[in-house]
Amino acid sequence: LKDGILKVSSFLNHKVDAKLMDICGEELAYRLRDTQANKVLTVEATGLIPALTVARVLRIPLVFARKSRPISISDSYQTSYRSRTKGVTSDLIISEEYLGPTDRVLIIDDFLAGGSTVEALFRISKMAGARVVGVGVLIEKSKEGGRAFLAGYDVPVESLAKITKVENGHIEIAHEEPFIAKVREE
């Protein structure tokens, strides 16, 4: 698509390949298992898809940031971020009852591009007194600098596919080691 936007609607955000997403979630859980997280944190919609498997495999709760305030949330943490894909500024809201100072948070999302969404989840975690211990994403657009933007947080950042170039309908993916996916064996 235009402006380096990747179309993932055939397996992630319109039609979901459940088997593939389970494998991806298991792999992220395996790579981030030593972080001693006690909560998975994501943003509603497509971040929920890999995050649910990560939480299930690690046997920890999943909390997701809402993009609008439901009537059931009164006391909350709230911040804003700019979505490059949608070109708008959005709010993220988490109820104070689900995130707090004893939490060690693992942030899971579908994409890491410029890093603004993940960084907003770091800000909300800080507001709650929680500690972010790792980040896992399905797809990283490495030319957009998200990893460098998050480097100051000094936590492991794992991505399952690193896109190095999107140009004229051609996508280049960095060579990576194959998935370990030993989660099912343990």
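Our structure's up above, just so we're on the same page.
Rules and cut-offs
Each chain carries its own residue numbering, running from 1 in the direction its sequence is written. With the structure being a predicted model, the display of local features is reserved for residues of pLDDT at least 70 and the display and counting of side-chain atom pairs for 80 or more, all residues being used for whole-chain, interface and lining totals. Values shown for side chains rest on all heavy atoms present in the structure; no hydrogens or waters enter the calculation. Labels follow the DSSP assignment, with helices taken as runs of H or I lasting at least four residues and strands as runs of E lasting at least two, numbered in each case from the N terminus. Given the number of residues in a helix, its expected span is that number minus one, multiplied by 1.5 Å. When accessible area is computed with a 1.4 Å probe and restricted to protein chains, residues below 20% of their type maximum are described as buried, those above 50% as exposed, and intermediate ones as partly exposed. Salt-bridge detection follows one rule: a side-chain nitrogen of Lys or Arg within 4 Å of a carboxyl oxygen of Asp or Glu. To get an axis, fit a line to the C-alpha atoms, keeping to the stretch in contact for a helix; angles then go from 0 to 180 degrees between the N-to-C directions. For this classification, under 35 degrees means roughly parallel, over 145 means roughly antiparallel, 65 to 115 means roughly perpendicular, and everything else is oblique. Put simply, a crossing is left-handed when the front helix is turned counterclockwise from the back one by less than a right angle, and right-handed when it is turned clockwise. Only heavy atoms enter the contact rule, under which two residues are in contact if any of them lie within 4.5 Å. Side-chain classes follow a simple rule in which Ala, Val, Leu, Ile, Met, Phe, Trp, Tyr, Cys and Pro form the nonpolar group, Asp, Glu, Lys and Arg form the charged group, and the remainder, Gly included, forms the polar group. The definition of a polar contact used here is a pair of N or O atoms within 3.5 Å, where within protein one atom must be able to donate a hydrogen and the other to accept one, and adjacent residues in sequence count solely through side-chain atom pairs. Two aromatic rings, drawn from Phe, Tyr or Trp (for Trp, its six-membered ring), form a pair once their centres lie within 6.5 Å of each other, and the interplanar angle then sorts them: stacked below 30 degrees, edge-to-face above 60, tilted otherwise. Only when the NZ atom of a Lys or the CZ atom of an Arg is both within 6 Å of the ring centre and within 35 degrees of the ring normal do we say a charge sits over the ring. Throughout, nonpolar core names a set of buried Ala, Val, Leu, Ile, Met, Phe, Trp, Tyr and Cys residues whose side chains join them through atoms within 4.5 Å.

1. Some remarks on helix H4 (residues 116–128)
Inference 1: A rise of 1.5 Å per residue sets the reference length of H4, with its 13 residues, at 18 Å; its end C-alpha atoms lie 19 Å apart and thus fit the reference within 8%.
Inference 2: Considered for burial, the residues of H4 that qualify are Thr117, Val118, Glu119, Ala120, Leu121, Phe122, Ile124, Ser125 and Ala128.
Inference 3: One or two positions beyond H4, positive phi appears at Gly129, with a value near 80 degrees.

2. Points about the environment of Ile49
Inference 1: Following the sequence through the fold, Ile49 ends up in helix H3 (residues 48–58).
Inference 2: A sequence separation of 59 residues divides Ile49 from Ile108, and the C-alpha atoms of the two residues are 9.5 Å apart.

3. A short note on the pattern of salt bridges
Inference 1: Within this structure, the stated rule accounts for eight salt bridges.
Inference 2: Across the pair Lys39 and Asp103 runs a salt bridge, and its minimum N-O distance is 3.0 Å. With Lys39 in strand S1 (residues 39–43) and Asp103 in the loop between strand S4 (88–95) and strand S5 (104–112), this residue pair connects regions lying 64 residues apart in the sequence.
Inference 3: A residue is classified by how much of its surface remains accessible, and Lys39, at 15% relative accessible area, is buried.
Inference 4: The partner of Glu140 in a salt bridge is Arg147, with the nearest N and O atoms 2.7 Å apart.
Inference 5: For Glu140, a relative accessible area of 4% gives the class buried.
Inference 6: According to the relative accessible area criterion, Arg147 is partly exposed, its value standing at 31%.

4. Points about the packing of helix H2 (residues 18–31) against H3
Inference 1: Interhelical geometry of H2 versus H3 gives an angle of 55 degrees and a closest axis separation of 8 Å. By the angle between their axes, H2 is oblique relative to H3. Relative to H3, the crossing made by H2 is right-handed. Across from Met21, Asp22, Gly25, Glu26, Leu28 and Ala29 in H2, the residues of H3 making contact are Ile49, Pro50, Thr53, Val54, Arg56, Val57 and Leu58.
Inference 2: For the contact of H2 with H3, a count of residues per class yields eight nonpolar, two polar and three charged.

5. What about the environment of Gly47?
Inference 1: Secondary-structure assignment places Gly47 in the loop between S1 and H3.
Inference 2: Sequence separation between Gly47 and Ala65 is 18 residues; the distance between their C-alpha atoms is 9.8 Å.
Inference 3: Discounting chain neighbours no more than four positions away, the residues touching Gly47 are Thr42, Ile108, Asp109 and Asp110.

6. Here's the deal with H3
Inference 1: Here H3 has its buried residues at Pro50, Ala51, Thr53, Val54, Ala55 and Val57.
Inference 2: Considering only its buried residues, H3 is in contact with H2, S1, strand S2 (62–65), S5 and strand S6 (131–141).
Inference 3: Two residues or fewer past H3, Arg59 is found with a positive phi of approximately 60 degrees.

7. Section: the side chain of Thr35
Inference 1: Take Thr35: it is sitting in the loop between H2 and S1.
Inference 2: Accessibility expressed as a relative area gives 10% for Thr35, which makes it buried.
Inference 3: Looking at Thr35, its side chain comes within polar contact range of the main-chain oxygen of Leu32, at 2.8 Å.
Inference 4: Setting aside its immediate chain neighbours within four residues, Thr35 contacts Arg104, Leu106, Val133 and Pro156.

8. Concerning the packing of aromatic side chains
Inference 1: Per the stated rule, a full pass over the model turns up one aromatic pair.
Inference 2: Ring centres of Phe122 and Tyr153 lie 3.8 Å apart, and the angle between their planes is 20 degrees; on these two criteria the pair is classed as stacked. With a gap of 31 residues between them, Phe122 in helix H4 and Tyr153 in the loop between helix H5 (146–150) and strand S7 (157–167) connect regions that are remote in the sequence.
Inference 3: Across from the ring centre of Tyr30, 3.8 Å away, lies the NZ or CZ of Arg33, which sits over that ring.

9. What about the nonpolar core?
Inference 1: Counting 25 residues, the largest nonpolar core has Leu92, Leu99, Ile107, Phe122 and Val135 as the members making the most contacts within it.
Inference 2: Elements with a contribution of two residues or more to this core: S1, S2, strand S3 (76–83), S4, S5, H4 and S6.
Inference 3: The element best represented in this core is H4, accounting for six residues.
Inference 4: Residues Ala29, Val40, Ala51 and Ile139 belong to the second largest nonpolar core, which totals 20 residues.

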